[in-house]
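Residue-level structure breakdown
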Amino acid sequence: MLSNDWIMLNNLKIGIVGCGHLGQAIAHSLIDRGLERQNLLISYRDNPRTYEMLNAQGLTSCLSTNQEIFQEAGIILITIKPQDITGLINFPISEKALVVSCMAGVSAELLYQILGINVYRMMFSGPDTIVSEKGVAAMYPEHEHLKMLLRCMNLTYIKTITEDNLDVFTAGVCMPAAILTTKNPGQQQEAIDKIGKEYPLFSELYLWAIKILPCFQNNIEKEDYVARMITKGGITEAITNSLMEGEPLDIALQKGINQTQEISKGIQQSLTNHLHGMSGIKTISWRY
Ligand SMILES: NC(=O)c1ccc[n+]([C@@H]2O[C@H](COP(=O)([O-])OP(=O)(O)OC[C@H]3O[C@@H](n4cnc5c(N)ncnc54)[C@H](OP(=O)(O)O)[C@@H]3O)[C@@H](O)[C@H]2O)c1
């Protein structure tokens, strides 16, 4: 029997803008656990391989345009890469929609400048952890409907309180990939103890990562698992690159946090370039 959460969720349409690795994992989890297919609206850009993957998962009947998603969905998850966000500048969005960015490193303030509305932020652990219902997620600020969404997906909600903590969380959920990449497994705990003094979230997420790491039959399986967690130019990539260069886990995690700030700066720059010369740019007056 479906819970009250599911009954409520099926009264809304869920939109996923950018159904790549993360978007597909969320879609898969929602459909598997009880979302009616007609209540899921998804989009991608134009990559034929993405279409093949959506087709293989029986999701092509959910394909919609971004216009439809932004007008018809009650909860809209934006799961594109940060560098693609300028493609959504000034998109008309229904006033009733709860718009949620799942992008690493793009602040609520920047999102306000781009979309002209208050956007919630949610961070998820990697796609495999979502599908296997072992994932964790955080949000900023809190919203009851988003907590309901996590309950429906059977994911653990980790409270982060501030937006800065969301960036720490973003680096922390890369922990499974980091543990699998590190060259000095013996020194992991020491590194976590060190960085955990400044960022206690890392200690919590380290314990989570140890618990949920799957067993791999071979190296290819393991490399594929890590690859699915990596977004080009993203946080996991910054962390795993640092570890592959032989740096300790605490330094790698700090580089992950730094990368969220780099992404933010990069988006701010491309936004400035994009809007250069355009009139009517919103000055920042972002509030929840
Ligand atoms: N992967 C993870 O473990 C993970 C975990 C937490 C958060 N994230 C965040 O999730 C986001 C996506 O990461 P990902 O690894 O899933 O990347 P991805 O596999 O490259 O997926 C991004 C998707 O966005 C689509 N897209 C780009 N521009 C679009 C537009 N204007 N309209 C509709 N769709 C558009 C792309 O379509 P095409 O396929 O047609 O190019 C692609 O399918 C990133 O911001 C990342 O920070 C990822």
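Data block above holds the structure.
I will try to describe carefully the structure that is included in this document. (Residues numbered from 1 in each chain as written. Predicted model: local features only at pLDDT ≥ 70, side-chain atom pairs only at ≥ 80, totals over all residues. Heavy atoms only, no water.)

A few points about the layout of surface pockets
Here the largest pocket defines a volume of roughly 1100 Å³. Forming the boundary of the largest pocket are 43 residues, of which H21, T79, I80, K81 and T231 lie nearest the centre. Secondary structure elements with two or more residues in the lining of the largest pocket: α2 (21–33), α3 (48–56), β5 (120–124), α12 (219–229) and α13 (235–244). In the lining of the largest pocket, the residues fall into 20 nonpolar, 16 polar and 7 charged. Residue contributions to the lining of the largest pocket reach at least three from each of two domains, namely domain 1 (4–157) and domain 2 (163–270). Its boundaries defined by the atoms lining it, the second largest pocket holds a volume of some 180 Å³. For the lining of the second largest pocket, the secondary structure elements donating two or more residues are α2 and α6 (127–131). With 4 residues, α2 is the single largest residue contributor to the lining of the second largest pocket. Within the lining of the second largest pocket, the residues separate by chemical class into 4 nonpolar, 4 polar and 2 charged. (1 Å grid on protein atoms, 1.4 Å probe; cavity = no way out; pocket = protein on both sides within 12 Å on 5 of 7 lines; lining within 4 Å. Points joined across faces, edges and corners; volume = space filled by probe spheres on them. Helix = DSSP H or I, 4+ residues; strand = E, 2+ residues; numbered from the N terminus. Nonpolar A, V, L, I, M, F, W, Y, C, P; charged D, E, K, R; others polar. Domains from an automatic or database assignment.)

Things to note about helix α14 (residues 249–275)
The terminal C-alpha atoms of α14, which comprises 27 residues, lie 39 Å apart, in line with the 39 Å expected from a rise of 1.5 Å per residue. Those residues of α14 not exposed but buried are L249, D250, A252, L253, G256, I257, T260, I263, S264, I267, L271 and L275. (Expected span 1.5 Å × (residues − 1). Buried < 20%, exposed > 50% of the residue type's maximum accessible area, 1.4 Å probe, protein only.)

Concerning the site of the ligand
In the vicinity of the ligand lie 27 residues, with L22, D46, N47, T50 and I80 positioned nearest. One of the side-chain nitrogen or oxygen atoms of H21 is found 2.9 Å away from an oxygen atom of the ligand. In the environment of the ligand, an oxygen atom lies 2.9 Å from a nitrogen or oxygen atom belonging to the backbone of D46. Of the pockets mapped on this structure, the ligand occupies the largest pocket. Where the shell around the ligand is concerned, the elements lending two or more residues are α2, β5 and α12. In terms of residue class, the shell around the ligand is built from 12 nonpolar, 10 polar and 5 charged. Structurally, the shell around the ligand is a two-domain feature, drawing no fewer than three residues from each of domain 1 (4–157) and domain 2 (163–270). (Near = heavy atom within 4 Å. Polar contact = N/O pair within 3.5 Å; in protein donor to acceptor, adjacent residues only side chain to side chain. Sits in = over half its atoms within 2 Å of the grid points.)

A short note on the packing of helix α10 (residues 188–198) against α14
In helix packing, the relevant descriptors are the interaxial angle and the interaxial distance, both defined with respect to the helix axes. Across the interface, α10 lies against α14 with an axial gap of 8 Å and an inter-helix angle of 50 degrees. Viewed along their axes, α10 and α14 adopt a mutual orientation that is oblique. Packed against α10, whose contacting residues are Q188, A191, I192, K194 and I195, the element α14 presents L249, D250, L253 and Q254 at the interface. Across the contact of α10 with α14, the residue classes tally to 5 nonpolar, 2 polar and 2 charged. (Axes fitted to C-alpha atoms, helices over the stretch in contact; angles between N-to-C directions. Parallel < 35°, antiparallel > 145°, perpendicular 65-115°, else oblique. Contact = heavy atoms within 4.5 Å.)

Re the nonpolar core
Judged by nonpolar contacts, the single largest core of 64 residues is most densely connected at I76, I78, L88, F169, M175, F202 and I239. It is α14 that contributes the most residues to this core, 8 residues altogether. When residues of this core are assigned to domains, at least three fall in each of domain 1 (4–157) and domain 2 (163–270). Counting residues in hydrophobic clusters, the runner-up holds 35 residues, among them I14, L54, L98 and L149. (Core = buried A, V, L, I, M, F, W, Y, C linked by side-chain atoms within 4.5 Å.)

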